[in-house]
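Close look at the chain arrangement
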Amino acid sequence: LCLRLKILTAVRSASVRGARFDEIDNDVWTIPADRMKGRRGAVTDFRVPLSTPALEVIKRAESWRRGPCMFPGQGAKGPSTGVSDVAIAKVLKKIAPGTTPHGFRTSFRSWVQDVDPTNFEVAETALAHTVGNKVERSYARSDLLDRRRILMQAWADYVTGSASNVVNINNKKSRSQN
C-alpha cells in the first residue's frame, strides 16, 4: 500500500513512509515541513491533493490501523514509526527488480511531459519542487492545489488503467489481434 500511495501521489519516499492518519483532511494530505526535503526553516508544510484511488489506499490502510502511522514499521520502535526505506527497497526488489522508488516520480514527470495535461509550474509544484527565482516566488503564493487535484486524478486514472486512452496489455484477446 505504501508503494501504491507513493505512485499515486508522486511524493518522496520518506514523506510517504512516515505518513500519519492525522495528516489527512478529507481529500488533502498535509505533509509537515519536518518530513519535507529541504533546508530546515526554508520548507513549509506541503498539501497533496488525493485522487480517488489514493483515498482508497488510505481507507484500506485505516482498516489495518495499529497506531498513528499509516504504514507502520516492524522494527524495534514498532508501529509508532513509519516503515523503513530498507523494507520498501526489499519489497520493490522482489516485485519489480531494477526499479527504484525515485523512478516513480520520474515516471510521473515524464508522463506529464509526454501527455501535456498541465503547465510546467503545476507539474513541478506537484513534485514539491521550487519554481522560479526569489522575486517570482514572493508574488506567486498559491500552491496550485485545485489545478494539481485535476492533474493527480488524471495521473491516477492513467496508472490504474482507468483512463480512456490506456490499453490493457494483459488482455489475451487484444494480444491475439496484434
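Higher on the page you've got the structure.
First, a word on scope: everything that follows refers to the structure included in this document. (Residues numbered from 1 in each chain as written. Predicted model: local features only at pLDDT ≥ 70, side-chain atom pairs only at ≥ 80, totals over all residues. Heavy atoms only, no water.)

1. Points about the overall build of the chain
So the rule is basically this: For the purposes of this entry, the term helix denotes a DSSP run of H or I that reaches at least four residues, the term strand denotes a run of E that reaches at least two, and both are numbered from the N terminus. To sort residues, take the accessible area from a 1.4 Å probe on protein chains only and compare it with the maximum for the residue type: under 20% means buried, over 50% means exposed, and anything in between is partly exposed. We call two residues in contact when some of their heavy atoms are within 4.5 Å. Calculation of accessible area relied on Shrake-Rupley with a 1.4 Å probe; when residues are assessed, cover is drawn exclusively from the protein chains displayed.
When helices and strands are tallied, the chain shows nine helices and three strands. In the chain, the succession of α and β elements from N to C terminus is α-α-β-β-β-α-α-α-α-α-α-α. Every one of the 178 residues in the chain was classed for burial, and the buried ones make up 34%. Taking the contacts inside the chain whose residues are at least 6 apart along the sequence as the reference set, 54% of them involve residues at least 24 apart. Total accessible area on the chain is roughly 11,300 Å²; 51% of this is exposed by carbon and sulfur atoms.

2. Let's talk about the packing of aromatic side chains
The line we're drawing: Working definition: a ring pair exists when centres of Phe, Tyr or Trp rings (six-membered ring for Trp) sit within 6.5 Å. Plane angles under 30 degrees give stacked, over 60 give edge-to-face, the rest tilted.
For the structure shown, the criterion picks out five aromatic pairs. Centre to centre, the rings of Trp111 and Trp155 are 5.3 Å apart; their planes meet at 55°, and the pair counts as tilted. In this pair, Trp111 is assigned in helix 5 (residues 101-115) and Trp155 in helix 8 (residues 145-160), connecting sequence segments 44 residues apart. Judged by relative accessible area, Trp111 falls into the buried class, the value being 9%.

3. Concerning the packing of helix 1 (residues 2-9) against helix 5
Worth spelling out the cut-off: Structural elements are reduced to axes, namely lines fitted to C-alpha atoms, with helices fitted over the stretch in contact, and the angle between N-to-C directions of any two is expressed from 0 to 180 degrees. An angle counts as roughly parallel when it lies under 35 degrees, as roughly antiparallel when it exceeds 145, as roughly perpendicular when it falls between 65 and 115, and as oblique in every other case. Left-handed describes a crossing whose near helix is turned anticlockwise from the far helix through less than a right angle; right-handed describes the clockwise counterpart. Ten residues, namely Ala, Val, Leu, Ile, Met, Phe, Trp, Tyr, Cys and Pro, are considered nonpolar, four, namely Asp, Glu, Lys and Arg, are considered charged, and the remaining ones, Gly among them, are considered polar.
The N-to-C vectors of helix 1 and helix 5 enclose an angle of 30°; their axes lie 8 Å apart at closest approach. It follows that helix 1 is roughly parallel to helix 5 by the angle criterion. Of the two possible hands of crossing, helix 1 and helix 5 adopt the one that is right-handed. For the pair helix 1 and helix 5, the contacting residues are Leu3, Lys6 and Ile7 in the first and Pro101, His102, Phe104 and Arg105 in the second. Its residues assigned to classes, the contact of helix 1 with helix 5 comprises four nonpolar, one polar and two charged.

4. Concerning the sheet that holds strand 3 (residues 46-49)
Rule in force here: DSSP bridges decide pairing: two strands pair if at least two such bridges lie between them.
Strand order in this open sheet of three strands is 1-2-3, and the pairing throughout is antiparallel. A strand with exactly one partner marks an edge of an open sheet, and here the two such strands are strand 1 (24-25) and strand 3.

5. Quick word on the pairing of strand 2 (residues 28-31)
In the sheet, strand 1 pairs with strand 2 via two bridges, with the strands oriented antiparallel. Bridge pairing links Ile24 to Trp29 in strand 2. A loop of two residues connects strand 1 with strand 2, the two strands running antiparallel in sequence, and Asn26 in this loop sits at a positive phi of about 60°.

6. Considering the nonpolar core
Operational definition: What makes a nonpolar core is a set of buried Ala, Val, Leu, Ile, Met, Phe, Trp, Tyr and Cys residues whose side-chain atoms join them at distances within 4.5 Å.
By size, the foremost hydrophobic cluster in this structure holds 26 residues, and its most contacted members are Leu5, Trp29, Met70 and Phe71. Residues Ala10, Trp111, Val122 and Leu127 belong to the second largest nonpolar core, which totals twelve residues.

7. Details of the packing of helix 1 against helix 8
Viewed as axis vectors pointing N to C, helix 1 and helix 8 meet at an angle of 130°, and their least axial separation amounts to 8 Å. Looking at the two axes, helix 1 sits oblique to helix 8. Side by side, helix 1 and helix 8 meet where Ile7, Leu8 and Thr9 of the first sit next to Met152, Trp155, Ala156, Val159 and Thr160 of the second. When its residues are assigned to classes, the contact of helix 1 with helix 8 shows six nonpolar, two polar and no charged.

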